[in-house]
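Residue-level structure breakdown
What follows is the residue order along each chain.
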Amino acid sequence: MNELRIGVIGTGGIGRDHIRRITHVITGAKVVAVSDINKRVAKEVAQQYDAKFYDSGEELIASPEVDAVVVTSSDQTHAKYVLACIAAGKYVLCEKPLASTAKDCLEIVKAETAYGKRLVQVGFMRRFDRGYQALKEVIKSGKIGAPLLIHACHRNRSHIPEFTSDMVIVTSGIHEIDISRWLLDEDYESGQVLTGKQNRNSKAGLIDPQIMLLKTKSGVLIDVEVNLCSGYGYDIQCEVVGEKGTVRLPDPNTVLVRSEGQHSYEIYSEWSERFIEAYDIEFQQWVNAVKKDAVDGPSAWDGYSACIAADALIKSRNNSIVEPIITAERPQLYK
Ligand code: ISE
């Protein structure tokens, strides 16, 4: 295959960043089509990248000029576009979350299973981050012994006005839900959310911060601070505690400065910068895999597994009890 012809649905911040990445950073693909609910912006982006503007995501997916699709529209629209891609037999890289609810994810899993081949990859880009990969290698090597605990934190500098209390979990916390499951290579048994004193810099009515507590099937306990208004930067921390040692996610690209009586390093302010290399690797590997007709990145099943945990956490926050996380049976396609 020559260059993979990609259509991008969603030309907001992350969509434009992926279009830049496909055009200028990775090889083997080009953006030929774009669409967005905000047609004016989509038209501008189409012109800038010499791509064709489509009136709707559905028309873009159906176009014979599009080989594969990237979905970066709002979370609630992911499921319908991914389902349309499966119906059209096209590969799709969908940003996280795969859908806003586990029920919608399961529909995607069912459609893909019926199609009989993996077409869907979910944008859990942290799995491509060198830091997380090194963390997983240490766990697998047995050096720290069997994992017992994960302490993690997910701090955004500030949040967009549209953020809701559920999005704190399903849009931001979802990365932590996925990455802990991937690091430990096991599913969850139960989850709980704790809430407390509110950050006065967060939007009124937004429950922020929230503490997500998860327990895996073997009993590993995970605590995650999800804090959308740290006020100082985008800060992602993760420490795995094992039976005989611990391993911690490194801060990326850091130089340590000693000056004026201080020892300091810079903290990123945006997630797109913090994980820029992971996104680049994710996209290059996806394009290579699509061209070989064999996608193997985070699957629709991974998208579903993260969302079923997110659903339980949201329910727990509303009911103030520990919620069981009950996963459907994993179809053969994902074993
Ligand atoms: C955003 O949508 C992302 O996906 C970022 O990776 C995440 O860290 C941030 O909290 C979300 O708002």
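Remember, it's a predicted structure, so these values are computed and weren't measured experimentally.

1. Details of the packing of helix 6 (residues 130-141) against helix 7 (residues 165-184)
Packing of helix 6 against helix 7 leaves a shortest axis separation of 10 Å and a crossing angle of 35°. Of the residues in helix 7, those in contact with Tyr 132, Gln 133, Leu 135, Lys 136 and Ile 139 of helix 6 are Glu 176, Ile 179, Trp 182 and Leu 183. Here the contact of helix 6 with helix 7 is composed, by residue class, of six nonpolar, one polar and two charged.

2. Digging into the sheet that holds strand 15 (residues 323-324)
Pairing in this open sheet of seven strands is mixed, and the strands run 12-11-7-10-9-8-15 from one edge to the other. Strands at the two margins of the open sheet, each flanked by one partner only, are strand 12 (246-248) and strand 15. As judged from the three bridges shared by strand 11 (residues 235-242) and strand 12, these two strands associate in the antiparallel manner. Residue pairing across strands places Val 241 opposite Thr 246, the latter belonging to strand 12. Strand contacts of helix 7: strand 7 (147-155), strand 8 (188-195), strand 9 (210-216), strand 10 (221-227) and strand 11, with the helix running at about 35° to strand 9, the strand carrying the most contacts.

3. Some points on the site of the ligand
The full set of residues close to the ligand is Lys 96, Met 125, His 154, Asn 156, Phe 163, Thr 171, Ser 172, His 175, Tyr 234 and Trp 271. A distance of 2.9 Å separates an oxygen atom of the ligand from a polar side-chain atom of Asn 156. In the model, an oxygen atom of the ligand is placed 2.7 Å from a nitrogen or oxygen of the Ser 172 side chain. Protein coverage of the free-state accessible area of the ligand, which is 300 Å², stands at 91%. For the shell around the ligand, the residue count by class is four nonpolar, five polar and one charged.

4. So, the nonpolar core
Judged by nonpolar contacts, the single largest core of 101 residues is most densely connected at Ile 6, Val 69, Leu 98, Tyr 132, Ile 177 and Trp 286. Looking at this core element by element, the count peaks at 11 residues for helix 10 (residues 300-319). Aside from chain neighbours lying at most four places away, what touches Ile 6 is Ile 22, Ala 29, Lys 30, Val 31, Val 32, Ala 33, Ala 68, Val 70, Trp 286 and Val 287.

5. A closer look at the pairing of strand 10
With five of seven residues buried, strand 10 is to be regarded as a mostly interior element. For strand 7 and strand 10, the ladder comprises seven bridges, and the chain directions are parallel. Bridge pairing in strand 10 places Cys 153 opposite Glu 225. As paired elements, strand 9 and strand 10 share six bridges and run antiparallel to each other. Across the sheet, residue Lys 215 finds its bridge partner in strand 10, namely Leu 221. Between strand 9 and strand 10, which pair antiparallel one after the other, the connecting turn spans four residues, and Gly 219 there sits at a positive phi close to 105°.

6. Section: the pairing of strand 8
Here seven bridges tie strand 8 to strand 9, and the two strands are oriented antiparallel to one another. Pairing of Thr 195 across the sheet is with Gln 210, part of strand 9.

7. Some thoughts on helix 1 (residues 13-25)
If you check helix 1, its first and last C-alpha atoms are 17 Å apart, about what 13 residues at 1.5 Å a residue would give, namely 18 Å. Listed as buried for helix 1 are Ile 14, Gly 15, Asp 17, His 18, Ile 19, Arg 21 and Ile 22. Here the buried face of helix 1 lies against strand 1 (4-9), strand 2 (29-35), helix 2 (39-48), strand 4 (68-71), helix 8 (271-274) and helix 9 (276-291).

8. Considering the side chain of Lys 90
In this fold, Lys 90 is placed in the loop between helix 4 (78-88) and strand 5 (91-94). Buried charged residue Lys 90 carries no salt bridge. Nearest counter-charge: Asp 67, at 6.8 Å. Within polar-contact distance, the side chain of Lys 90 engages the backbone oxygen of Ile 61 at 2.7 Å. Setting aside its immediate chain neighbours within four residues, Lys 90 contacts Ile 61, Ala 62, Ser 63, Val 66, Asp 67, Cys 85 and Leu 119.

9. Here's the deal with the pattern of salt bridges
The full count for this structure, using the stated rule, is 22 salt bridges. A salt bridge links Asp 17 to Arg 21; its shortest N-O distance comes to 3.5 Å. In this pair, Asp 17 and Arg 21 are both assigned in helix 1, four residues apart and thus about one turn of the helix distant. One connected set of salt bridges, linked through shared partners, spans Arg 127, Asp 178, Arg 181, Asp 187 and Asp 302.

10. Quick notes on the sheet that holds strand 1
One key point about sheets: their strands pair by backbone hydrogen bonds, in either a parallel or an antiparallel sense. Strand order in the open sheet made by the six strands is 3-2-1-4-5-6, with parallel pairing throughout. Taken across any chain shown, the strands that pair with only one partner, and hence form the sheet edges, are strand 3 (52-53) and strand 6 (120-122). Direction of pairing for strand 1 relative to strand 4: parallel, over a ladder of four bridges. Following the sheet pairing, Ile 6 is matched in strand 4 by Ala 68. The sheet contacts of helix 4 involve strand 1, strand 4, strand 5 and strand 6, and relative to strand 5 the element is tilted by about 165°.

Rules used throughout
- Residues numbered from 1 in each chain as written.
- Predicted model: local features only at pLDDT ≥ 70, side-chain atom pairs only at ≥ 80, totals over all residues.
- Heavy atoms only, no water.
- Axes fitted to C-alpha atoms, helices over the stretch in contact; angles between N-to-C directions.
- Helix = DSSP H or I, 4+ residues; strand = E, 2+ residues; numbered from the N terminus.
- Contact = heavy atoms within 4.5 Å.
- Nonpolar A, V, L, I, M, F, W, Y, C, P; charged D, E, K, R; others polar.
- Pairing = 2+ DSSP bridges.
- Near = heavy atom within 4 Å.
- Polar contact = N/O pair within 3.5 Å; in protein donor to acceptor, adjacent residues only side chain to side chain.
- Areas by Shrake-Rupley, 256 points an atom, 1.4 Å probe, with all protein chains shown as cover.
- Core = buried A, V, L, I, M, F, W, Y, C linked by side-chain atoms within 4.5 Å.
- Buried < 20%, exposed > 50% of the residue type's maximum accessible area, 1.4 Å probe, protein only.
- Expected span 1.5 Å × (residues − 1).
- Lys, Arg positive; Asp, Glu negative; His and termini not counted.
- Salt bridge = Lys/Arg side-chain N within 4 Å of Asp/Glu carboxyl O.

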